[in-house]
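Here is how the chains run, residue by residue.
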Number of protein chains: 2
Amino acid sequence: MDLQVVRVDLATRVPTVVLNTADAAELGVNPLERVQIDGDSRTTIGIVEVTEELVSPGSLGATGRLGHLSGTVTVSLAPVPASVRFIRKKLDGVELERDELRRIVADIYEDRLSDIELSAYVTAAYTRGLSFEETRHLSAAMADVGARLTWPDEVVADKHSIGGVIGNRVTPIVVPIVVAAGVTVPKTSSRAITSPAGTADTMEVFCDVEFSLAEVREIVAEAGGCMVWGGGVNLSPVDDRIIRAENPLSLDPRGQLIASVLSKKRAAGSTHVLIDIPYGEGAKVESLPEARELATDFKRVGAHLDLRVECAITRGDRPIGRGIGPVLEARDVLTVLSGGGPTDLRHKSLRLAGMLLECCGVEADPAALLDSGAALAAFHRIVAAQGGDPEVALGDLRPGEETWALRAARSGVVSHIDNALVGEVARRAGAPKDARAGVHLGVAVDDEVERGEPLFLVHAEHAGKLADARALAERTFPVHVRDAGETLVERL
Amino acid sequence: MDLQVVRVDLATRVPTVVLNTADAAELGVNPLERVQIDGDSRTTIGIVEVTEELVSPGSLGATGRLGHLSGTVTVSLAPVPASVRFIRKKLDGVELERDELRRIVADIYEDRLSDIELSAYVTAAYTRGLSFEETRHLSAAMADVGARLTWPDEVVADKHSIGGVIGNRVTPIVVPIVVAAGVTVPKTSSRAITSPAGTADTMEVFCDVEFSLAEVREIVAEAGGCMVWGGGVNLSPVDDRIIRAENPLSLDPRGQLIASVLSKKRAAGSTHVLIDIPYGEGAKVESLPEARELATDFKRVGAHLDLRVECAITRGDRPIGRGIGPVLEARDVLTVLSGGGPTDLRHKSLRLAGMLLECCGVEADPAALLDSGAALAAFHRIVAAQGGDPEVALGDLRPGEETWALRAARSGVVSHIDNALVGEVARRAGAPKDARAGVHLGVAVDDEVERGEPLFLVHAEHAGKLADARALAERTFPVHVRDAGETLVERL
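## Remarks on the overall build of chain A
Then, in step 1: When its secondary structure is counted, chain A shows 19 helices and 18 strands.
Then, in step 2: Against the compact-globule benchmark of 23 Å for 492 residues, chain A has a radius of gyration of 25 Å, which places it among compact chains.
Then, in step 3: For chain A, the C-alpha atoms occupy an extent of roughly 80 × 50 × 50 Å along the three principal directions.
Then, in step 4: Across the 492 residues that make up chain A, the buried fraction comes to 55%.
Then, in step 5: In chain A, once contacts between residues fewer than 6 apart in sequence are set aside, the share between residues at least 24 apart is 79%.
Then, in step 6: Of the roughly 19400 Å² of accessible surface on chain A, a fraction of 47% belongs to carbon and sulfur atoms.
Then, in step 7: Taken together, the 53 basic and 72 acidic charged side chains of chain A have centroids lying 3 Å from each other.

So this is what it looks like as structure tokens:
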């Protein structure tokens, strides 16, 4: 059926087309089903919504994602995507071949899979697991679709943390150190999904983070590196869609994680990659053997993709740094870059920067680059290139004025800080949407505290959200204090 | 945020609401995310689409499914549904408790789950399986939501086939026989999804099949039974949504199947139910032991729901009847009801009717009810009550005029007729949308044929579709003929 493209002012996050009821009936297509749209020697998939009046018969209403459509197009029922059969096969526990995985990736890329089919793929990968061979093929397939950056440099460095630790804002410290050593670092980061801040949210305190690929090239040419939001550059469209299906159930199948991270790094044109794998109670990886196994897989798959991969296995059972939430984390970052700062954040950043430089074969002392101000200068150049004010000072970064302190109910020693709960308190306070909201930890694990001493301070921009955060903190008390002299042995 | 409801002329099959970009940003909600809409002491869930101009700030655009909204409503971010945690638990292989399953059913009923979450539930049930206890709780939970029919009769009969066999249009024969014996049968059926015709599609050749619950009550009061489309009466809204998530990957987890069927029968007010379980090569259930196990589970779960369940284990490796497609099947039905007809269809119908009557404790001879014309009279009453012409004769049911015959390539004996392939040929020919399209089998398994004799005749309404069907039939040749004397033993 030939239809004339008209615009419909709707954004749906999927390639929605609006058809008149009459045309939909003639095509035999129902709402939510898929049509194939052929025009200008290009085939596009559309998801159908139906209307009586919004779009007249003979027209095809193209919404937000389908801006490239125009003129007359030929619309037909989309055939069942080939990969549906392979997803079913995986659900039945059968290992998939290279070409079957490539077909799944291609169908995700071309928007051929519905949310139901995409979710079935993710849960199949989760419940059945992906073998090493599957992971390798999947990584290569994902790296081969979408845009790709290339750089003149022989060595292009990158880092990634598998996440799960709050605070932990090491990227805006590690990247400037490595850039200061003369290595190109085109870093893309995510925004928070379930956490109180992602690296992109924290960087947004200093400068813009949403850029086109062309702009990213200019920024890196100017500053030697960048720290931008990955979602804006469309470097890994398949990964973005898979993540959208993983998030609701917090699924993160290991093979899919490896493929997502490494294909993204390859698309960014990186050659040397450091992966931070925090492990421990409450982290994504709970045990050391598990962390080591994941590290081995990352390195092996990396080798198949021509990526030199190094892994840092780090503590994931407690927050890193004092600030949690965009502005509070930005304060930690600026303090460390200025030579001070929470020591755990400083030490972890130096360790990661050192490992990444060594992996790149660059001889440089990260501590010297930090203490000489070279890293801060590199940070300023990146901020300026991304449209921010390089003169920004600590005094400019003001956390929310509504505050409340959680105080120690007894004197003793801090024995545990619950990552997930403190993160949730910061989110209730408004982070990441309210950039100045969050939690400032007054203590670290093993610190001695007096009864009544503040354990953390909640900052909010709105009194209502402060009250929400306070209620959760009082109910769950996420910082544990034990008697100073008390140890497991003594209690026995 | 308080918003004024306005209508937006869009049908999306899900509860879509259209928000102005400004309001969406203030709520912090993105396209495809869910909002909670409170108004008139009722809470509704909406799935967000965003617009610049279609809906102005301060308004909430309600689409097709949300016709009940009006006036001013309070809109907020929908909390994560509680059942998401339980779905994740099931994905991890943990058996679910009664209350967890009830929460999942309630969240599906209230539209709180996205397609991604719903699909994860279905795939979890498929890959991890549902225990007997889970199946029992799920069935009870599904029976407890949605509308429910009640009848003055002590015995209310029903039948269901788990499907997978083409032709097999026994329902319009069994129901009239049982009704003729004085038993109430409020039968709801489905339309075809992947097959060339469902019972509702075939009944639609004779009369209307879409009715409200109130109309169904009147029809049954008048005719003693009905054969209506189940999708129209909203008796099992949860089941309808689960089926939508099962279909794309042809998933049919056994526990979910049992819960779907029995909860629907219970909602229809039935007390005595016969389940037809076809088994064999190409059927949904491949082996006899598997069929027996399924039958046992159906009966056990039924007992917990106060349903008396009987199961017929039948041959599922070949078509039943000669016609495939709405009109062609309607012809078979009318012929059998008139005392003739394909013998396999007649025999199977009599067997099922006999079992159902026995299960109901009614002494009656199905063959006598059929041959005396009592069943045909009951059929006519139902057709008339559903707005059809009871005088309909075989001559009124004309299959499509575009025809092509698949002819035997050799003389011999028909050894196999492929259910799935013949079904697909009928679909290519236009069934079920083109009611007069389909396949008429000229032979049955074990028939002797001469070279060049027609094996089946394809009927279509349009020449193009006939060509499509012919191409598939010629390529796959779904009726197998072996040499007359040839047997497995002789070949060895």
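## Describing the relation of the copies chain B and chain A
Then, in step 1: For the pair chain B and chain A, the relating rotation is 179 degrees, the translation along its axis is 0.1 Å, and the fit reaches an RMSD of 0.1 Å. Here the two chains are linked by the operation of a two-fold rotation axis.
Then, in step 2: Both copies share a contact surface, since 100% of the interface residues of chain B are interface residues in chain A too.

## Some words on the packing of aromatic side chains
Residues and elements named next belong to chain A.
Then, in step 1: All chains considered together, the criterion is met by two aromatic pairs over all chains.
Then, in step 2: Aromatic side chains Phe206 and Phe379 sit 5.0 Å apart centroid to centroid with 90 degrees between the ring planes, which places their arrangement in the edge-to-face category. A residue pair is termed long-range when its members are at least 10 positions apart, and Phe206 in the loop between helix H7 (199-203) and helix H8 (213-223) and Phe379 in helix H16 (residues 374-385) qualify at 173 residues.
Then, in step 3: For Phe379, a relative accessible area of 0% puts it in the buried group.

## Description of the sheet that holds strand E3 (residues 34-39) of chain A
Residues and elements named next belong to chain A.
Then, in step 1: One closed barrel accounts for six strands, arranged E1-E5-E2-E4-E3-E6; its pairing is mixed. Going across the sheet, the axis of each strand differs from the next one's by a mean of 45 degrees, ignoring polarity.
Then, in step 2: Pairing between strand E2 (residues 16-20) and strand E5 (residues 59-62): three bridges, direction antiparallel. By the bridge assignment, Val18 is partnered in E5 with Gly61.

## Brief notes about the interface of chain B and chain A
One widely used convention gives an interface's size as the accessible area the parts lose upon coming together.
Then, in step 1: With 41 residues of chain B at the interface, the matching set in chain A holds 41 residues.
Then, in step 2: By the criterion of area lost to chain A, the three top residues of chain B are Asp9, Ile116 and Leu249 of chain B, representing 20% of everything that side buries.
Then, in step 3: Taken together, the connections running from chain B to chain A amount to zero salt bridges.
Then, in step 4: Of all the secondary-structure elements, those providing two or more residues to the side of chain B that touches chain A are helix H1 (21-27), strand E4 (42-51), helix H2 (83-91), helix H4 (115-128) and helix H9 (237-246) of chain B.
Then, in step 5: Among the elements that line the side of chain B that touches chain A, the one with the most residues is H4 of chain B, at nine residues.

## Some remarks on the sheet that holds strand E7 (residues 157-161) of chain A
Residue and element names in this part refer to chain A.
Then, in step 1: Strand order in the open sheet made by the three strands is E7-E10-E11, with parallel pairing throughout. What marks the edges here is a single partner per strand, and that holds for E7 and strand E11 (308-315). Within the sheet, the average angular offset between the axes of one strand and its neighbour, ignoring direction, is 20 degrees.
Then, in step 2: The sheet contact formed by E7 and strand E10 (residues 272-279) spans five bridges and is parallel. Looking at E10, one finds that Asp158 is bridged to Val273.
Then, in step 3: Along the sheet, helix H12 (residues 288-304) contacts E10 and E11; its crossing angle with E11, the most-contacted strand, is approximately 165 degrees.
Then, in step 4: Its contacts with the sheet place helix H14 (residues 343-359) against E7, E10 and E11, and it is angled at close to 160 degrees to E11.

## Remarks on the side chain of Thr199 of chain A
Residues and elements named next belong to chain A.
Then, in step 1: Tracing the sequence through the fold places Thr199 in helix H7.
Then, in step 2: For Thr199, a relative accessible area of 9% gives the class buried.
Then, in step 3: Within the structure, Thr199 has its side chain in polar contact with the side chain of Arg169 (distance 2.9 Å).
Then, in step 4: Setting aside its immediate chain neighbours within four residues, Thr199 contacts Arg169, Thr171, Pro172, Ser189 and Ser190.

Each value, and the rule that gives it
Residues numbered from 1 in each chain as written. Chains lettered and ligands numbered in written order. Predicted model: local features only at pLDDT ≥ 70, side-chain atom pairs only at ≥ 80, totals over all residues. Heavy atoms only, no water. Helix = DSSP H or I, 4+ residues; strand = E, 2+ residues; numbered from the N terminus. Rg over C-alpha atoms; globule rule 2.2 N^0.38 Å. Buried < 20%, exposed > 50% of the residue type's maximum accessible area, 1.4 Å probe, protein only. Contact = heavy atoms within 4.5 Å. Areas by Shrake-Rupley, 256 points an atom, 1.4 Å probe, with all protein chains shown as cover. Lys, Arg positive; Asp, Glu negative; His and termini not counted. Charge placed at Lys NZ, Arg CZ, Asp CG, Glu CD. Least-squares fit on C-alpha atoms with pLDDT ≥ 70 in both. Phe/Tyr/Trp six-rings, centres within 6.5 Å; stacked < 30°, edge-to-face > 60°. Pairing = 2+ DSSP bridges. Axes fitted to C-alpha atoms, helices over the stretch in contact; angles between N-to-C directions. Buried area = accessible area lost by both parts, 1.4 Å probe. Salt bridge = Lys/Arg side-chain N within 4 Å of Asp/Glu carboxyl O. Polar contact = N/O pair within 3.5 Å; in protein donor to acceptor, adjacent residues only side chain to side chain.

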